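# Working through the structure, step by step
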Amino acid sequence: MSELSDKELLELFRQKDRRHYAFDLLVRQYQERLYNYVRRMVTDHQDAEDVLQNVFIKAWRGLDKFREDAQLFSWLYRIAHNESITHLKRVKRGLFVDHEAVFERLTASLDHGEQFSGDAIERKLQRAVMRLPEKQRSVFTMKYFQEMKYHEISAITGTSIGALKSSYHIAVRKIEEHLTSDQTK
Amino acid sequence: MSIPPSKHNNMVPKDDSEQLERSAPTLMGLPRHRDPFVVPERFFSRFPLSVKDRILEQDRRPFGVTLPRLRLAGALVFGMLMIMAATYFLLSRTAFEDQPAELSGTLTSEEWLLYEDSELLLADAAVNEGVQIAGIVDQELAAENVLTFLELDGAYIDELLAEQ
């Protein structure tokens, strides 16, 4: 089925008897791209599914108030970004801000073949990404893996382009250091 | 998991990209489009249904959405009550400490009699002259009003009248 434009989706959603159908289409249209981002942020599949469910539930509740001058995808992405950060903070709180425990909890799934199929260097890359502070990780994921432009990331995170560039360059440097070091974790 | 083709294109500004390749050759040499995360089979065909189920479940429970908000409101009210109680406690303590020392002491019987005498003299003067008592009564009182005042104040009106 061909994808509907955001405008068409919203028009459909505003028809009371078709809103469930329109929302189903919206979920199908954006779930993979959002999942990809959330999974990169939280690593574990089950966590990613929980976060993504919350994202779409919030979208369902807020779609009536959505202003059409903004892009639907950016809006959804912003919810996904906020929910991912909230999830990571919750994990941190649960583990009493023990950074190593948080890191172990978040990267545990990388050692399970049913969750991660990458080779040693990809595992090392993902571990390096998980060592970044949440906001740097988010910028790095959007820029490096999802190849978004700075102005798109800026619209999602509400951060200036200059700050994003600087954050991305710092993240890249840290990851490069990690990749070239002997560190296995 | 397949990464959908990016709508955003990988048009990193050339200088930016070159700078990154120079400073991070290992990272930039990795195949970034291969996604190593495994997604359970048929996950994306089931996921929209699970979202719909959760939405319907929340809609069936009227307090599903409002309960967390009520909890938050309750916590705010509780916090405010605690602040009010603490403020009241601190203010009442301060007021108690500010009271002159002599007020908290006990009067000797002689002092008490002197105090009663002065009260009676004051009442007597008010009945006889109907005068304005500076600092206590700021308007001219009729004799009737004075009597009512004294009655409320517990003065021995009969005795005062008998003395007249």
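Attention in this report is confined to the structure presented alongside it.

Calculation rules
- Residues numbered from 1 in each chain as written.
- Chains lettered and ligands numbered in written order.
- Predicted model: local features only at pLDDT ≥ 70, side-chain atom pairs only at ≥ 80, totals over all residues.
- Heavy atoms only, no water.
- Helix = DSSP H or I, 4+ residues; strand = E, 2+ residues; numbered from the N terminus.
- Buried < 20%, exposed > 50% of the residue type's maximum accessible area, 1.4 Å probe, protein only.
- Contact = heavy atoms within 4.5 Å.
- Areas by Shrake-Rupley, 256 points an atom, 1.4 Å probe, with all protein chains shown as cover.
- Expected span 1.5 Å × (residues − 1).
- Polar contact = N/O pair within 3.5 Å; in protein donor to acceptor, adjacent residues only side chain to side chain.
- Buried area = accessible area lost by both parts, 1.4 Å probe.
- Salt bridge = Lys/Arg side-chain N within 4 Å of Asp/Glu carboxyl O.
- Patch = residues over 30% accessible without salt bridge, like charges linked within 9 Å, V, L, I, M, F, W, Y side chains within 5 Å.
- Lys, Arg positive; Asp, Glu negative; His and termini not counted.
- Charge placed at Lys NZ, Arg CZ, Asp CG, Glu CD.
- Core = buried A, V, L, I, M, F, W, Y, C linked by side-chain atoms within 4.5 Å.
- Phe/Tyr/Trp six-rings, centres within 6.5 Å; stacked < 30°, edge-to-face > 60°.

This next bit is on the overall build of chain B. Along its length, chain B carries 8 helices and 0 strands. The linear arrangement of helices and strands in chain B, starting from the amino end, is α-α-α-α-α-α-α-α. Residues classed as buried in chain B amount to 16% of the 164 residues present. Sequence-distant contacts in chain B: of pairs separated by 6 or more residues, those separated by 24 or more amount to 34%. Total accessible area on chain B stands at roughly 12900 Å², and carbon and sulfur atoms take up 60% of it.

A separate point is helix α3 (residues 45-62) of chain A. The α-helix advances 3.6 residues per turn, and as a result positions three or four apart in sequence lie on the same side. Residue and element names in this part refer to chain A. The first and last C-alpha atoms of α3 sit 25 Å apart over 18 residues, in line with the 26 Å expected at 1.5 Å per residue. Buried residues dominate α3, accounting for 13 of its 18 residues. Two or three places before Q46, at the opening of α3, D44 has a side-chain oxygen 3.0 Å from that residue's backbone nitrogen.

Contacts between chain A and chain B engage 54 residues on the former and 43 residues on the latter. Between chain A and chain B the total buried area reaches about 4400 Å² when both faces are included, carbon and sulfur atoms providing 60% of it. The three residues of chain A that bury the most area against chain B are Y144(A), E147(A) and E176(A), which together make up 15% of that side's buried surface. In this structure, the connection of chain A to chain B is made through 2 salt bridges. Note that D35(B) is salt-bridged to R40(A), the shortest N-O span being 3.9 Å. Our count for the chain A to chain B interface comes out at 10 residue pairs in polar contact (both at pLDDT 80 or more).

The next thing to look at is a positive patch on the surface. Residue and element names in this part refer to chain A. A contiguous patch of positive charge, built from K89, R90, R93 and K135, is present on the exposed surface. No other element matches helix α4 (residues 72-94), which puts 3 residues into the positive patch. For K89, the position within the fold is in helix α4.

Before going further, it helps to examine the nonpolar core. Counting 69 residues, the largest nonpolar core has F23(A), F140(A) and L27(B) as its most contacted members. Looking at this core element by element, the count peaks at 12 residues for helix α2 (residues 19-42) of chain A.

This paragraph deals with the packing of aromatic side chains. Residue and element names in this part refer to chain A. Across all of its chains, the model carries 19 aromatic pairs over all chains by this definition. Consider the rings of Y37 and Y77, whose centres lie 4.9 Å apart with planes at 45 degrees: the pair is tilted. Note that Y37 is positioned in helix α2 and Y77 in helix α4, a separation of 40 residues in sequence. The class of Y77 is buried, set by a relative accessible area of 1%.

Attention shifts here to the environment of L52(A). When you line up the elements, L52(A) lands in helix α3. Given the relative accessible area of 0%, L52(A) is considered buried. Along the chain, L52(A) and Y35(A) lie 17 residues apart, while their C-alpha atoms are 6.6 Å from each other. Once residues within four sequence positions are removed from consideration, L52(A) is found in contact with Q31(A), L34(A), Y35(A), V38(A) and F47(B).

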